[in-house]
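Read off the chains here:
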Amino acid sequence: MVSGEGIAFWQEFFVKFYQAFIEKNRWLQYLEGVGTTLLVTAMALAIGVVLGILVAVIRTAHDQQRPGKHNVILGFFNVICKTYVTVIRGTPMMVQMLIMGMVIFKSSRDFTSVGALTLGINSGAYVAEIIRGGLMSLDPGQAEAGRSLGLNYVDTMRFIVIPQAFKAILPSLGNEFIVLLKDTSLITVIGGKELLDAAQGIYGRTYEQMFPLIGIALIYLVLVMIFSWLQGILERRLRQSDRR
């Protein structure tokens, strides 16, 4: 038979679970938080990829200049890109978020967009290094072959070099995307409305932190597992295309 203490435990468990997820349709707040989290991730990823490609191409072009031939304009932009990567990678994400939300955009009330922009700028520095590593690892003969066909530098990178580098850097880009997804929780510190904010709002009313926090932890885990699975499918298809 179940003891009185056991019954009391399960009763308390059910009450706290009910308050955290079911009462007043609170599960809808988690669902809304998931939607915002995915939206912020997509926005930040788009910003990060665009910045990353731009910075990586500039730095790679600078590093691959022929000896004795240095473009002054390219050198200037390379210094800017190198400074950007150094500063972003050398300072904590939380500090960057606070500076953007409370200093640079302190008059803005669109905290979610500010958070997405900050995450995108942060991600861009890491994506740039990932892409640059992939570009630098390719045989220089690939770029020379493109130029011998009459392609300029941009077209050579676009049609020959970047597609080949993409396959090599896909695992690292996938990991960066997963980190970005989890880092969306940081926008809460400047007032962004995402999954962690939903949990904080609920346990602020129920005075019970365990269920809301464990609940969003499981949601993050499921999202990461889904995206890891999709990444695995894409990698397998790319490997299959290489064998053909």
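Just above, that's the structure.
Here's what I pulled together on the structure shown here. Bear in mind the structure is a predicted one, so any value in this text is a computation, not a measurement.

What counts as what
- Residues numbered from 1 in each chain as written.
- Predicted model: local features only at pLDDT ≥ 70, side-chain atom pairs only at ≥ 80, totals over all residues.
- Heavy atoms only, no water.
- Phe/Tyr/Trp six-rings, centres within 6.5 Å; stacked < 30°, edge-to-face > 60°.
- Helix = DSSP H or I, 4+ residues; strand = E, 2+ residues; numbered from the N terminus.
- Buried < 20%, exposed > 50% of the residue type's maximum accessible area, 1.4 Å probe, protein only.
- Expected span 1.5 Å × (residues − 1).
- Salt bridge = Lys/Arg side-chain N within 4 Å of Asp/Glu carboxyl O.
- Polar contact = N/O pair within 3.5 Å; in protein donor to acceptor, adjacent residues only side chain to side chain.
- Contact = heavy atoms within 4.5 Å.
- Core = buried A, V, L, I, M, F, W, Y, C linked by side-chain atoms within 4.5 Å.

### Here we look at the packing of aromatic side chains
Given two aromatic rings, their pairing is described by the distance between the two centres and the angle made by the two planes.
(1) Moving on: Summed over the entire model, instances satisfying the criterion amount to five aromatic pairs.
(2) Moving on: Arranged with centres 6.2 Å apart and planes meeting at 80 degrees, the rings of phenylalanine 17 and phenylalanine 211 form a pair that is edge-to-face. Of this pair, phenylalanine 17 sits in helix α1 (residues 4–22) while phenylalanine 211 sits in helix α9 (residues 210–243), placing them 194 residues apart in sequence.
(3) Moving on: Relative accessible area serves as the criterion here: at 9%, phenylalanine 211 is assigned to the buried category.
(4) Moving on: Summarising the aromatic geometry, the rings of phenylalanine 76 and phenylalanine 77 are spaced 5.5 Å apart at their centres and angled 70 degrees between planes, so their arrangement reads as edge-to-face.
(5) Moving on: For phenylalanine 76, a relative accessible area of 52% corresponds to the exposed category.
(6) Moving on: Three or more aromatic residues joined by ring pairs make a cluster, and in this case those are Phe17, Phe21, Tyr30 and Phe211.

### Digging into helix α3 (residues 72–90)
(1) Moving on: Its 19 residues place the ends of α3 27 Å apart at the C-alpha level, agreeing with the 27 Å of an ideal helix rising 1.5 Å per residue.
(2) Moving on: Residues of α3 that are buried include every one of Gly75, Asn78, Cys81, Tyr84, Val85 and Ile88, and no others.

### Describing the pattern of salt bridges
It is possible for side chains bearing opposite charge to pair when their charged atoms get close.
(1) Moving on: If you walk through the whole model with that rule in mind, you get seven salt bridges.
(2) Moving on: Glutamate 208 is the partner of lysine 16 in a salt bridge, and the nearest nitrogen-oxygen pair spans 3.4 Å. Here lysine 16 is found in helix α1, whereas its partner glutamate 208 is found in the loop between α8 (195–206) and α9, with 192 residues between them in sequence.
(3) Moving on: In this structure lysine 16 comes out as partly exposed when scored by relative accessible area, which is 25%.
(4) Moving on: We classify glutamate 208 as buried; its relative accessible area is 17%.
(5) Moving on: Residues joined by salt bridges that share partners form a network here, namely Arg59, Asp63, Arg89, Glu129 and Arg132.

### As for the side chain of glutamine 96
(1) Moving on: Structurally, the position occupied by glutamine 96 is in helix α4 (residues 93–104).
(2) Moving on: The buried category is assigned to glutamine 96, whose relative accessible area is 9%.
(3) Moving on: A polar side-chain atom of glutamine 96 sits 2.8 Å from the main-chain carbonyl oxygen of isoleucine 88.
(4) Moving on: Within the structure, the side chain of glutamine 96 is placed 2.9 Å from the side chain of asparagine 122, a separation counted as a polar contact.
(5) Moving on: When near neighbours in sequence (up to four residues on either side) are disregarded, glutamine 96 contacts Val87, Ile88, Thr91, Thr118 and Asn122.

### A word on the nonpolar core
(1) Moving on: With 12 residues, the main nonpolar core is built from Val40, Ala44, Met93, Met97, Met100, Val114, Ala116, Leu119, Leu180, Leu186, Ile187 and Ile190.
(2) Moving on: For this core, the elements supplying multiple residues, two or more each, are α2 (27–63), α4 and α5 (111–137).
(3) Moving on: Look past the residues within four positions of valine 114 in its chain and what remains in contact with it is Met100, Gly101, Phe105, Ser108 and Ile190.
(4) Moving on: Among the nonpolar cores identified, the runner-up in size contains 11 residues, and Ala56, Met157, Val161 and Leu173 belong to it.

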